[in-house]
Structure formats: structure tokens, C-alpha cells
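The residues making up each chain are set out below.
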Amino acid sequence: MEIVKTACELCAWSCGMNVHIKNGKIERVSGMKEHPLNRGRLCPKGSISPDYVYSRDRITHPMVREGDRWKKIDWDDATDLFVENLREIREIDPRSFATIIGMPILLGGSSTVGFIRRFMDVFGSPNCFSPESMCYRHEIIGYILTLGKFPVADPENSNCIVVWAHNPHASKPPLAWMIERARKRGATLIVIDPRKTRVAEMADIHAPVKPGSDTYLAVGMMKVIVEEELYDREFVTKFCHGFDRLEEFVSQYSLAEIAEKTWIHEDTIAEIAREFTKTKPACIVQGVNALDQVPTGIQNARSIAIIHALTGNVDVKGGFVRASRVHTRNLRLHELLPDIPLGIEKHPFFYQIWQTHLGEGQGMYLYDAILKGDPYQIKTLFIAGSNPLLTWPESGRTAEMLKKVDFLVVMDMFMTETAKHADLFLPATTFLERLELVDYYSVIFGIPYMMLRKKAIEPIGQAKSDVDFWLEVARKMGYHEQFPWKSVEDVVNWVLEPTGYSVEDLTEKNPSGVWTGEVRYGEYMQRGFRTPSGRIELYSDTLAEMGYDPLPVPKDPVQEIYGEEESREYPVILTTGARNVYFTHSQLRNVEKMRKILPEPYAEINPETARKYGIEDGEYISVSTKYGSIRIRAKVTDGIVPDVINIPHGWKEANVNALTPSRPADPISGCPLLKSVPARISKTS
Ligand SMILES: Nc1nc2c(c(=O)[nH]1)N[C@H]1C(S)=C(S)[C@@H](COP(=O)(O)OP(=O)(O)OC[C@H]3O[C@@H](n4cnc5c(=O)[nH]c(N)nc54)[C@H](O)[C@@H]3O)O[C@H]1N2
Ligand SMILES: Nc1nc2c(c(=O)[nH]1)N[C@H]1C(S)=C(S)[C@@H](COP(=O)(O)OP(=O)(O)OC[C@H]3O[C@@H](n4cnc5c(=O)[nH]c(N)nc54)[C@H](O)[C@@H]3O)O[C@H]1N2
Ligand code: SF4
Ligand SMILES: [Mo]
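(A) Representation of the site of ligand 3 within the structure. The local shell around ligand 3 consists of Cys8, Leu10, Cys11, Ser14, Cys15, Leu42, Cys43, Lys45, Gly46, Pro173 and Pro174. Split by residue class, the shell around ligand 3 holds eight nonpolar, two polar and one charged.

Structure below.
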């Protein structure tokens, strides 16, 4: 039995995994004990990796559409078809080629994402998109605008942890394990979530907030911290900009008004603020998308950064920390681009904030570009590692977009709902059949570590890794100068060079990975903050100059976007996409072991709401919004606040994105509204 040490890729965290192989076949997988993130554990998804790799549903040969049917072709012909199309549209306007890459490709690390986007740079199209249009990126932007950098919370070393809009037992098991360890040593735990999650059940205080009202709650906390003089005066005086204006701003809100907006009692708001200031070090762990997908997404992230700043919890162990980055070589060649991507004229920070380049467009603008040619026509769309028909908002419009585009190429392992619309299907390898670099542990967890994700087995059938495919496309396009590499290994070695490591080192000598630096505390004392004022920007002059709110002004999402009348017509608040530990977005539904545990999706509603609409537990209900309607089974539970309904995403049987709007909601980032959509419910058969 051979053991290959690799990193899981079945959700966003890349836990260390041992792959047990016999005669070239995976027998089982186990958690890697020496990995600093998961320390020997795997969640249920990681554990079923062999079932996923050897799934009977996998498609392992390229196929081209002929009318209503698929025809198998070989790789050479498939690549030629694509290259011919690219050559043709390049002559007219290279910007008319767009790519959507999904989470699995983002998780391929800089050598995978960077490689595909380098191709785009050389081709001359800025139109790179990903689910970051509605995920995480907004937290990054909000923190950078406030602190000049992107730090992460450090619950492992904290004495007071606030988990805000996050259910780590479902979505980030390694974080749940960290919090459990912190609880054992006596750390205070506060959870802000409209649902009674497992972490909420463990908490000292659970604030079941009204969805979408988090900015109000944050302003309430700031008010208590400022007006009761609980803030760290010395830190604020020396290192923060705009305290006076923040003080004036919070005085405009009363706690009574905030309590009404958030459904959280005034005393609880004050108690959370006092606990957070009293206990040091303290940190807030922000959920990975729930606070983003509202009109105040950037302001939510700014609020969380501001609360850390007011309490002096920045750059301290157990507060907000920053680990040194892995110094790999950047594959991007942005400077070659003739234009900015779609959506960036309206949302410039989505592309770049000061010296930080985020490198992609706001995907919500792809709809108008494809459907209306506004501001110009996108003709060819390449989708890899993503299933937008189920994961992007307003599925009716997404379907129209996929049908309308002239040439749609999808690279995946399975015939997804999205792939069904493709003109060309390309079979991808799973993460256990290819090589890539996992170089983002420091950015996500503050763990300065990197390792290789290794090719544990040979590709199944004719499946190819994404980078292998793009290497061939670059060769056929004649881009020899910018793509001198012969193999994926060459690419990874080039990216790794400044680190002093090579693929061979990280395979032979350090298969479990290597430490790449340290967590730096108190760095600002020497260098200040990398904002225009050199201080933490409680008040943001940059936002003011651009015409945005310079302070985190709270807004009710429903009132803000839909107004009074519609809120009456659709009286229930729909929140979507809360994770469960068995599935990743639309993936793994075809793994029998998972399907047995959770055979179908359900909508969570409170018993009081159920009574109001005459709905019994287990009955089917119809849920409608302005955008569409779905039928789904009701789960009546007091684990959710009244007048709110929670529906998971990624199920073709009841696609919640048929109900969500694709129009940009956050004025700064363009993120759509997925967490507080006005809805109507009724019993159905
Ligand atoms: N198993 C699994 N793990 C995953 C994923 C997956 O699909 N499956 N996806 C990965 C990805 S890409 C991401 S982005 C992350 C997502 O991770 P998160 O964004 O952290 O998602 P959840 O952990 O489900 O937590 C969201 C919580 O927010 C609550 N919530 C909903 N609306 C609101 C609101 O308006 N305010 C507040 N305060 N709370 C609200 C929900 O009740 C839910 O408990 O998970 C990652 N991990
Ligand atoms: N309503 C609502 N919608 C949401 C969310 C929500 O909370 N609510 N969450 C949003 C968030 S945060 C995110 S990140 C997105 C995620 O959106 P997507 O990234 O579109 O999510 P997945 O369904 O995981 O799609 C991944 C696809 O990649 C394929 N795949 C896996 N590995 C590889 C590979 O190596 N190469 C290739 N070519 N393909 C591969 C899988 O088979 C699968 O079809 O969903 C978003 N959608
Ligand atoms: S939490 Fe589970 S699915 Fe995610 S990387 Fe770890 S083992 Fe894999
Ligand atoms: Mo995400």
C-alpha cells in the first residue's frame, strides 16, 4: 500500500489528506495528522473522496453537440474547435471571450487560476469571472478599505470569539474544531445568526438577528463601545482616523431603533458589546458570504474591522492577525490588457484597491453583456469548475444567457445542469488526478503554510487537468513566448522558484507541506497602516470621494431595493445557501452515501410562521418571489426565527436561485442580494 500526501479539495479549506493506494487504485483516504489545519481529521465529504473519483456518472471523454445529441470526439479535435473559435472572435474583439471559473479552480491556487488568467491576459480579454462576484471578495475589500490589508480572525488564540453569520460545523469544519478547542479552555463564545446552529447551541450568547440587519447591529455595538467609553483610547488616538466622525455618526441612532430593526433586545446588544470589550484578546469570525450578499456587504466587513480597531484587537494574537504570504511568482500579465473587465467601471474596487489587484470582473454584468450586448457582446463563454445554472442568481436569466451565447464550452467531470447547455464538453480530472499548489492557507486561516496537491492516481479515461488543457490551447494559439512550459510540473516549478522550493522538494522531502513564514504581530507600530491616511480608516475618505457612504450606514435590504409595497406583497424574508456538511454547493449529489443521509432539500420555517400559513412539518410548500417559484418540502423547526425561510442552494430538484435577483445590490462591490429576498409562501400538493 502506497500513501500519497495531498490536500482535499471538496470544499474551500484544503485539509491535509493521506490517500491510500493499492495497485494504482485508491482504497481509502484519511486525515493527515501532521497538517496544521485539520490535524488528522477529515469531514464526511473528504472521507468519501474515493466514491467521488470513481463515480459512475463521470464523463471521461470530450464531446461536441450535434443538434440534440452529444458526439464523442478526441482531444485534438476538441481543442482545435475551441482554438478556431478563439481565433475568429479575436479578430473582431478579444473582449468578447469570457471565462467563469468556479471554486474548485480557485482552490487550485495561484498556479492554476493564474495560468488560465494569464492566457486571458495574452489573448486580450479582461473578462475573467468567478463566484467571488458573490462571495468573500467583499470581506476582503471591506477589510482592505479600513485596515489597508486583509487580516483574518485568530480564534485558536482568542478569549472571546464572535461567530457572525457563520455555521462552521457545516461550512468550515477545521474552524469548528478550533472553536471547540477554545471553548474547552474557557473562551467566551457569541453567535449572531437567525438560525440556531450547532455553534449557536454552544454559545454564551446567541443573537438570532433579522437577516440583512447586521449593519444595524454592528452600529449598535459601536454605539455602546463609544458612548460607554469602552474603546481602547490609546490605540484609537494613535492609530485610527475619523473617530470624531464615527462618534457623531453613532449618536444618530438609538438602541431602541436598532433593536426594532434587528429583532435583538437592546440589553443583548449592549451585553455583546461589553463582553467583546471586556475580554482580551477578542475576535470576530465573519461568515464567508452571508454578510456579503446584501446591499451593505462592504459596510458589514468595514463594521467588523472597525469593531476590532476600536477595541485594539488588530495585529494581536487572538484578534485580527496577518500571516506572511507565500512569495510565489505571479503568472498574471494584466499590463497587457486593453480594457477593464465588465462591471468595473461601476465597481472599481472589485478590481483593484490601491496596490491590491483582485483581477476579475463583477459577474452580474455578464448577463446584460450576453443578453443585450450592453456595453458590448460576449460571444464565447468558457465555464470550468462552476455550475452557474444552480449557483448564480436568477436561474431563469442564467439559462437565457447560456442559451444565447454563441459558443459555450464547459469543462467539468459531470454533465451538470450548466453543461447540458454546452456546445463543447471537456472532461476534467478530479483533484486526486492532477498536480497543483496550495498556497493560500495564510490568507484564509493565518497559517503560513503551503503544500502540493498531488497526482495520487493517473487520470481516469481521457480526463485532463485544467492546466494541461490550457497549456495545449496556448501552444495551438502560438503563444510560445508567454507559455514556454512543457508540463504542469514546469509551470508549478516556475511559480515556486522564489520560495526556494521545487515540485521535487515538496513531493519527496516535504510531502506534507512546509511552513513559509510567521504570523506577524504589531507590525503597524513600525509601518503604520497601508491606507491613504496611514491609519485605520474608521471614516473612509476614499469612499467619500467616490460618492459612497464613508461610514457604515445601515440599510434595510428589502426597503432599500424593493420599497414598501413589495415588502407587503412578499412578507416573508428568504435567506438562501446555508451550508450543510454533506454537500458542496451543487456537488456530491450523486454520491450515494451522502444522498442517503440527505435525500432532498427542505425549507426551514419557524412553527409560528408555519401555523400562520397552515403548513405542517414535511408538507410541500410553494415559495415565490418576483423572479420565480419553486416547490419544496417544509421543515418546521424552532431553529430559525419567525417570518424567515431558509433554503439551501445547489439542488436541481428545488433550485433556490430561481428565486434570487441577479441585479447588483451592494453599490460598492456589485454583489447580488441572496440573503434577504422578499418572498411569499403557501401550502401546495
Ligand atoms: N459543506 C460545505 N462547506 C462549504 C461550502 C459548501 O457548499 N458546503 N461552501 C464553501 C464556500 S464557497 C463558502 S463561501 C462558505 C460559506 O460559508 P458561510 O457564509 O459562513 O455559510 P454558512 O456556514 O452556511 O453560514 C451562514 C450562516 O449565516 C446565517 N445567515 C443567513 N442570513 C444571515 C444574515 O443576514 N445575517 C446573519 N448574521 N446570519 C445570516 C445562516 O443561518 C447560516 O447559519 O462555505 C464553504 N464551505
Ligand atoms: N442562492 C445562493 N447561491 C449561491 C450561494 C448562496 O449562499 N446562496 N453561494 C455562492 C457561493 S459563496 C459560491 S462560492 C458559489 C459556488 O459556485 P460554483 O463554484 O459554481 O459551485 P459548484 O456547484 O461547487 O460547482 C463546481 C463545479 O466544478 C466541477 N469541478 C470540480 N473540480 C473541478 C476541476 O478541477 N476542474 C473542473 N473543470 N471542474 C471541476 C464540479 O463537478 C462542479 O460541477 O455558489 C454561490 N451560489
Ligand atoms: S473540511 Fe472536509 S471537504 Fe473541506 S477540505 Fe476539509 S476534509 Fe475536505
Ligand atoms: Mo463561496
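Back to the text.
(B) Looking closely at the sheet that holds strand 14 (residues 320–323). The strand order across the open sheet formed by three strands is 8-14-23, and the pairing between neighbours is antiparallel. Among the strands making up the open sheet, the edge pair consists of strand 8 (152–153) and strand 23 (519–520). In terms of strand pairing, strand 8 meets strand 14 through two bridges, oriented antiparallel. Across the sheet, residue Ala153 finds its bridge partner in strand 14, namely Phe320.

(C) View of the side chain of Lys172. Structurally, the position occupied by Lys172 is in the loop between helix 7 (168–171) and helix 8 (173–184). In this structure, Lys172 is buried with no salt-bridge partner, the nearest side chain bearing the opposite charge being Glu139 at 7.0 Å. In this structure Lys172 touches Trp13, His166, Asn167, Ile444 and Phe445, once residues within four positions along its chain are discounted.

(D) Expanded view of the site of ligand 2. In the vicinity of ligand 2 lie 34 residues, with Thr391, Asp412, Arg434, Ser586 and Gln587 positioned nearest. Asp412 is positioned such that a nitrogen or oxygen atom in its side chain is 2.6 Å from an oxygen atom of ligand 2. Asn657 places a polar side-chain atom, nitrogen or oxygen, 2.7 Å from a nitrogen atom of ligand 2. Protein contacts shield 99% of the accessible area of ligand 2, which totals 930 Å² for the unbound molecule. For the shell around ligand 2, the secondary-structure elements that each account for two or more residues are helix 4 (103–106) and strand 18 (407–412). Each residue belonging to the shell around ligand 2 can be placed in one class, and the counts come to 12 nonpolar, 17 polar and five charged. Of the residues that make up the shell around ligand 2, three or more belong to each of domain 1 (80–129 + 361–515) and domain 3 (557–683).

(E) Seen up close, the sheet that holds strand 29 (residues 644–647). Strand order in the closed barrel made by the six strands is 25-29-26-28-27-30, with mixed pairing throughout. Here the strands of the sheet are splayed against their neighbours by 45 degrees on average, with no regard to which way each runs.

(F) Geometry of the packing of aromatic side chains. Taken as a whole and judged by the stated rule, the model has 35 aromatic pairs. Between the aromatic rings of Phe82 and Trp470, the centroid separation amounts to 5.7 Å while the plane-to-plane angle is 85 degrees, which identifies the pairing as edge-to-face. Residue Phe82 is located in helix 3 (residues 75–92), and its partner Trp470 is located in helix 20 (residues 466–477); the two are separated by 388 residues in the primary sequence. The class of Phe82 is buried, set by a relative accessible area of 0%. The class of Trp470 is buried, set by a relative accessible area of 0%.

(G) Quick look at the nonpolar core. Core analysis: the biggest nonpolar cluster contains 186 residues, and Phe82, Phe119, Trp164 and Leu310 have the highest contact counts within it. Of the residues forming this core, the biggest block, nine residues, is contributed by helix 10 (residues 214–227). Setting aside anything within four residues of it in sequence, one finds Trp164 in contact with Ile192, Asp214, Leu217, Ala218, Met221, Ile284, Val285, Gln286, Gly287, Leu291, Ile304 and Ile307. Counting 30 residues, the second-largest nonpolar core is a separate cluster that includes Met364, Tyr376, Met401 and Val410.

(H) Spatial organisation of the pairing of strand 21 (residues 449–453). Where burial is concerned, most of strand 21 is hidden: five out of the five residues are buried. Pairing of strand 20 (residues 436–438) with strand 21 involves three bridges; the strand directions are antiparallel. For Leu437, the partnering residue across the bridge sits in strand 21 and is Leu452. In this sheet, strand 22 (residues 514–515) lies alongside strand 21 in antiparallel orientation, the contact comprising two bridges. For Tyr449, the partnering residue across the bridge sits in strand 22 and is Trp515.

(I) View of the domain arrangement of the chain. Considered domain by domain, the chain is made up of domain 1 (80–129 + 361–515), domain 2 (137–317 + 524–545) and domain 3 (557–683). Centre-to-centre separation of domain 1 and domain 3, based on C-alpha positions: 31 Å. Taken together, the contact between domain 1 and domain 3 spans 17 residues of the former and 22 residues of the latter. Overall, the association of domain 1 and domain 3 removes approximately 1400 Å² of surface from exposure, summing both partners, and the carbon and sulfur fraction of that is 55%.

(J) Structural detail: a negative patch on the surface. Judged by side-chain charge, Glu489, Asp490, Glu504 and Glu508 come together as a negatively charged surface patch. Taken together, the elements giving at least two residues each to the negative patch come down to helix 21 (488–496) and helix 22 (503–509). Within the secondary structure, Glu489 sits in helix 21. Using a relative accessible area of 41% as the deciding quantity, one classes Glu489 as partly exposed.

(K) Examining the environment of Leu246 more closely. Inspection of the secondary structure puts Leu246 in helix 12 (residues 243–250). Separated by 305 residues in the primary sequence, Leu246 and Leu551 have C-alpha atoms spaced 7.1 Å apart. Not counting chain neighbours up to four residues away, the residues in contact with Leu246 comprise Met222, Val226, Ile306, Leu310, Leu538 and Leu551.

(L) The arrangement of the pattern of salt bridges in detail. Applying the stated rule across the entire model yields 43 salt bridges. Residue Arg195 pairs with Glu604 through a salt bridge whose shortest N-O separation is 2.8 Å. Highlighted residues: Arg195 in the loop between strand 10 (188–192) and helix 9 (198–201) and Glu604 in strand 26 (residues 602–605), separated in sequence by 409 residues. Judged on exposure class, the residue Arg195 and its partner Glu604 are both buried. Among the ionic pairs, Glu227 bridges to Lys223, the shortest N-O distance being 3.1 Å. Of this pair, Glu227 and Lys223 both sit in helix 10, separated by four residues, roughly a single helical turn. Using a relative accessible area of 11% as the deciding quantity, one classes Lys223 as buried. When salt bridges that share partners are traced, they join Glu9, Arg434, Glu436 and Arg453 into one network.

(M) The packing of helix 10 against helix 15 (residues 297–310), seen in detail. Contact geometry for helix 10 and helix 15: axes closest at 9 Å, N-to-C directions at 20 degrees. What the angle tells us is that helix 10 and helix 15 run roughly parallel. Between helix 10 and helix 15 lies a crossing whose hand is left-handed. Mapping the contact onto sequence places Asp214, Thr215, Ala218, Met221, Met222, Ile225 and Val226 in helix 10 and Gln299, Asn300, Ser303, Ile306, Ile307 and Leu310 in helix 15. Here the contact of helix 10 with helix 15 is composed, by residue class, of eight nonpolar, four polar and one charged.

Calculation notes
- Residues numbered from 1 in each chain as written.
- Chains lettered and ligands numbered in written order.
- Predicted model: local features only at pLDDT ≥ 70, side-chain atom pairs only at ≥ 80, totals over all residues.
- Heavy atoms only, no water.
- Near = heavy atom within 4 Å.
- Nonpolar A, V, L, I, M, F, W, Y, C, P; charged D, E, K, R; others polar.
- Pairing = 2+ DSSP bridges.
- Helix = DSSP H or I, 4+ residues; strand = E, 2+ residues; numbered from the N terminus.
- Buried < 20%, exposed > 50% of the residue type's maximum accessible area, 1.4 Å probe, protein only.
- Lys, Arg positive; Asp, Glu negative; His and termini not counted.
- Salt bridge = Lys/Arg side-chain N within 4 Å of Asp/Glu carboxyl O.
- Contact = heavy atoms within 4.5 Å.
- Polar contact = N/O pair within 3.5 Å; in protein donor to acceptor, adjacent residues only side chain to side chain.
- Areas by Shrake-Rupley, 256 points an atom, 1.4 Å probe, with all protein chains shown as cover.
- Domains from an automatic or database assignment.
- Axes fitted to C-alpha atoms, helices over the stretch in contact; angles between N-to-C directions.
- Phe/Tyr/Trp six-rings, centres within 6.5 Å; stacked < 30°, edge-to-face > 60°.
- Core = buried A, V, L, I, M, F, W, Y, C linked by side-chain atoms within 4.5 Å.
- Buried area = accessible area lost by both parts, 1.4 Å probe.
- Patch = residues over 30% accessible without salt bridge, like charges linked within 9 Å, V, L, I, M, F, W, Y side chains within 5 Å.
- Charge placed at Lys NZ, Arg CZ, Asp CG, Glu CD.
- Parallel < 35°, antiparallel > 145°, perpendicular 65-115°, else oblique.
- Left-handed = near helix turned anticlockwise from the far one by under 90°.

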